[in-house]
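Here is how the chains run, residue by residue.
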Amino acid sequence: MCYFDHQLWPCGWWKWGNFREQCTREYRTGETCGLKLVFNTYLEPEVCRHCEQIKKKQGRVAKMHSDVHRWRAEGNRRATIEKTEKEIYELNVQIAELWGEHEVRKHAINY
Ligand SMILES: [Zn+2]
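Fair warning: this is a prediction, and the values are worked out from it, not measured in the lab. (Residues numbered from 1 in each chain as written. Predicted model: local features only at pLDDT ≥ 70, side-chain atom pairs only at ≥ 80, totals over all residues. Heavy atoms only, no water.)

> Looking at this model, I keep getting lost on helix α2 (residues 78-107). Mind explaining?
Helical geometry note: an α-helix holds 3.6 residues per turn, so side chains three or four residues apart project in the same direction. Here α2 spans 44 Å end to end across 30 residues, near enough to the 44 Å set by a 1.5 Å rise per residue. Buried residues of α2: Ile81, Thr84, Ile88, Leu91, Ile95, Leu98, His102 and Arg105, and no others. Packing partners of the buried residues in α2 comprise β2 (14-21) and α1 (49-74). (Helix = DSSP H or I, 4+ residues; strand = E, 2+ residues; numbered from the N terminus. Expected span 1.5 Å × (residues − 1). Buried < 20%, exposed > 50% of the residue type's maximum accessible area, 1.4 Å probe, protein only. Contact = heavy atoms within 4.5 Å.)

Quick look at the structure:
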């Protein structure tokens with residue numbers, strides 16, 4: 001069990017940082033035994049890159065939704081509306097995937 005720094009984001013995302021200390025089971029210099037233990041946890045001030053991406057995509061979806069709404073009221077942009085709705089759908093799929101990965105990472109013990 002070798003010791004590593006640990007970075008933790010307020011949203012629950014985390015990752016291993018620098019290698020800090022070898023344990024007694026590992027005798028090869030510069031090698032690690034493969035089991036990681038937390039040496040020190042560093043709290044990150046902002047949300048993780050994953051969350052940032054999700055937020056950006058959600059912002060785009062919200063904008064497209066209001067565009068579609070407006071175009072519907074104007075009543076003459078069917079092709080554009082269809083195209084935009086398809087984009088909204090695709091973005092929502094991406095958001096769901098990002099969330100899935102985020103939840104998995106939050107509850108994972110080792111990576
Ligand atoms: Zn996050």
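Having seen the model, we can carry on.
> Just checking my understanding: could you explain the domain arrangement of the protein for this structure?
Quite often, the size of an interface is put as the accessible area lost when its parts meet. Here the domain parsing of the protein yields domain 1 (2-43) and domain 2 (49-107). Computed from C-alpha coordinates alone, the two centres of domain 1 and domain 2 are separated by 37 Å. In this assembly, five residues from domain 1 lie in contact with six residues from domain 2. Each partner contributes to the roughly 550 Å² buried at the junction of domain 1 and domain 2, and carbon and sulfur atoms together form 64% of this total. Per-residue buried area on domain 1 facing domain 2 is highest for Cys11, Trp13 and Trp14; these three make up 85% of the total on that side. Our count for the contact surface shared by domain 1 and domain 2 stands at zero salt bridges. (Domains from an automatic or database assignment. Buried area = accessible area lost by both parts, 1.4 Å probe. Salt bridge = Lys/Arg side-chain N within 4 Å of Asp/Glu carboxyl O.)

> Just checking my understanding: could you explain the packing of aromatic side chains for this structure?
For any two aromatic rings, the description comes down to two numbers: the centre-to-centre distance and the angle of the planes. Throughout the structure, instances matching the rule amount to three aromatic pairs. Between phenylalanine 4 and phenylalanine 19, the aromatic rings sit 5.3 Å apart at their centres with planes inclined by 55°, giving tilted as the arrangement. Residue phenylalanine 4 is located in strand β1 (residues 2-8), and its partner phenylalanine 19 is located in strand β2; the two are separated by 15 residues in the primary sequence. Classification of phenylalanine 19 as partly exposed rests on a relative accessible area of 33%. Grouped by ring-pair contacts, the aromatic residues Phe4, Trp14, Trp16 and Phe19 constitute a single cluster. Geometry around tryptophan 14 places arginine 105 over its ring, the cationic atom sitting 5.2 Å from the centre. (Phe/Tyr/Trp six-rings, centres within 6.5 Å; stacked < 30°, edge-to-face > 60°. Lys NZ or Arg CZ within 6 Å of the ring centre and 35° of its normal.)

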